[in-house]
Amino acid sequence: ACPGGRSAPGFARERIASLMPQREGRMVSPADEFLATVTALGALGEEEVVGVFLDTTDVPWDRVGIAGAEGGISKAQLEWVLKALEQFPTGRVLVFGHHPVDQWTRVSRKHLERLAVSLGNRLWALVSAHTHLAAIRTQQVDGKTVPEFIVGSTIDPPQEAALLEGWPDGHLTLRTVPAVRRDGMTCPDDTAETVSAQTCRQVFAKLRESKACDPLFKAGDTDERLRLQIAECEKTAK
């Protein structure tokens, strides 16, 4: 995915932002330092549900340890999110971030507290990842107990897909299913919702045979040519 070799934060943010341009119902941050969005996800009855997608690699000065071990958001990102939320004055809010809150820095936790204060009872839950293991935790934010749903990895074993379900009474559940079905390793009742390992192998074999898909398996092309070839590859796959 990185034709120039190693990736860099600026390259990654620009690349991802190009896949989700700003539109009605979705605010995308214009900053170079972080990539965040505030997006209308749908409705629950007559109540709107909004997703705040935080860039937890945008950590403040108090991060320690190796890169990626701790996460969080900067004051600049917090201010942008608060401003973007003015476009969504009502409805429930789900806050998404890569790092679980327990791995946020001290300063970042204070920023999360400010966000929670501004949302009040609108804050429905936190959704995170990073650990590659699905879990449900509770966090004390702004004096309230808020559920945190941690989703597993869809690419590393056990390859868990996650389904977050909510009801008008405020009840939320997280259900995980295998992202890839393997004979003898998947429960019978999961077969209707998963892709088999055999199907995955067949799809990748088809992609490898297509010249349009060479950039997916070989490095070296320029970024613009890569985009065009991947677009052509997607047509081939369909």
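What counts and how
Residues numbered from 1 in each chain as written. Predicted model: local features only at pLDDT ≥ 70, side-chain atom pairs only at ≥ 80, totals over all residues. Heavy atoms only, no water. Helix = DSSP H or I, 4+ residues; strand = E, 2+ residues; numbered from the N terminus. Buried < 20%, exposed > 50% of the residue type's maximum accessible area, 1.4 Å probe, protein only. Pairing = 2+ DSSP bridges. Right-handed = clockwise from strand over helix to strand, strands pointing away. pLDDT = per-residue confidence, 0-100. Phe/Tyr/Trp six-rings, centres within 6.5 Å; stacked < 30°, edge-to-face > 60°. Contact = heavy atoms within 4.5 Å. Salt bridge = Lys/Arg side-chain N within 4 Å of Asp/Glu carboxyl O. Expected span 1.5 Å × (residues − 1). Core = buried A, V, L, I, M, F, W, Y, C linked by side-chain atoms within 4.5 Å.

(A) Broad picture of unusual backbone geometry. Of note in the backbone geometry, His130 takes a positive phi value of approximately 75° without being a glycine. Structurally, the position occupied by His130 is in the loop between strand S5 (123-128) and strand S6 (135-141). Given a relative accessible area of 24%, His130 falls into the partly exposed group. The phi dihedral of His132 is positive, around 60°, even though this residue is not glycine. The residue His132 is located in the loop between S5 and S6 in this model. Here His132 falls in the partly exposed class, since its relative accessible area comes to 38%.

(B) Here's a closer look at the pairing of strand S4 (residues 92-96). Counted residue by residue, S4 has five buried out of five residues, so it is predominantly covered. Residues Arg92, Leu94 and Phe96 point to one face of S4 and Val93 and Val95 to the other, with burial holding for every one of them. Pairing of strand S3 (residues 47-53) with S4 involves five bridges; the strand directions are parallel. Bridging across to S4, Val50 finds its partner in Val93. Bridge count between S4 and S5: four bridges; the pairing is parallel. When the sheet's bridge partners are listed, Val95 is paired in S5 with Leu126. At this point the chain moves from S4, through helix H3 (residues 106-119), to the parallel S5, and the crossover so formed is right-handed.

(C) Focus on the confidence of the model for the protein chain. Averaged over the protein chain, the pLDDT score is 84; the fraction of residues at 70 or greater is 82%. For the protein chain, the element scoring lowest by mean pLDDT is helix H6 (residues 223-237), at 61; S4 scores highest, at 98.

(D) Structural detail: the packing of aromatic side chains. Under the counting rule described, the total for this entry stands at one aromatic pair. Ring centres 4.4 Å apart and planes at 10° place the aromatic pair Phe53 and Phe96 in the stacked group. With Phe53 in strand S3 and Phe96 in strand S4, this pair connects stretches of sequence that are 43 residues apart.

(E) Region of interest: the pairing of S5. With six of its six residues buried, S5 lies for the most part within the structure. Inspection of the sheet shows S5 paired to strand S7 (residues 144-150) by three bridges, in the parallel sense. When the bridges of S7 are listed, Val127 appears paired with Phe149.

(F) Broad picture of the environment of Gly72. Here Gly72 is to be found in the loop between S3 and helix H2 (75-84). Note on Gly72: relative accessible area 0%, which makes it buried. Measuring from C-alpha to C-alpha, the distance between Gly72 and Gly97 comes to 8.5 Å, with 25 residues separating the pair along the chain. Residues contacting Gly72, with those up to four places away along its chain left out, are Asp55, Thr56, Thr57, Asp58, Val59, Trp104 and Ser108.

(G) The pattern of salt bridges, seen in detail. All chains considered together, the criterion is met by six salt bridges. Note that Lys144 and Asp142 form a salt bridge whose closest N and O atoms lie 2.8 Å from each other. What makes Lys144 partly exposed here is its relative accessible area of 28%. When its relative accessible area of 28% is taken as the criterion, Asp142 is described as partly exposed.

(H) Highlighting H3. Taking 1.5 Å per residue, 14 residues should reach 20 Å; H3 reaches 20 Å between its end C-alpha atoms and fits that length. All of the buried residues along H3 are Val107, Ser108, His111, Leu112, Leu115, Ala116 and Leu119. Next to the buried residues of H3 lie H2, S4, S5 and S6. Count one or two residues on from H3 and you reach Gly120, which has phi positive near 60°.

(I) How the structure looks around the nonpolar core. Counting 26 residues, the largest nonpolar core has Val38, Val52, Val81, Leu85, Val95 and Leu115 as the members making the most contacts within it. When residues of this core are traced back to their parent elements, those giving at least two are S3, H2, S4, H3 and S5. Of all the elements, H2 adds the most residues to this core, at five residues. Contact partners of Leu85, with chain neighbours within four places excluded, come to Val38, Val50, Val52, Leu115 and Leu119. Counting ten residues, the second-largest nonpolar core is a separate cluster that includes Leu94, Trp124, Val127 and Leu172.

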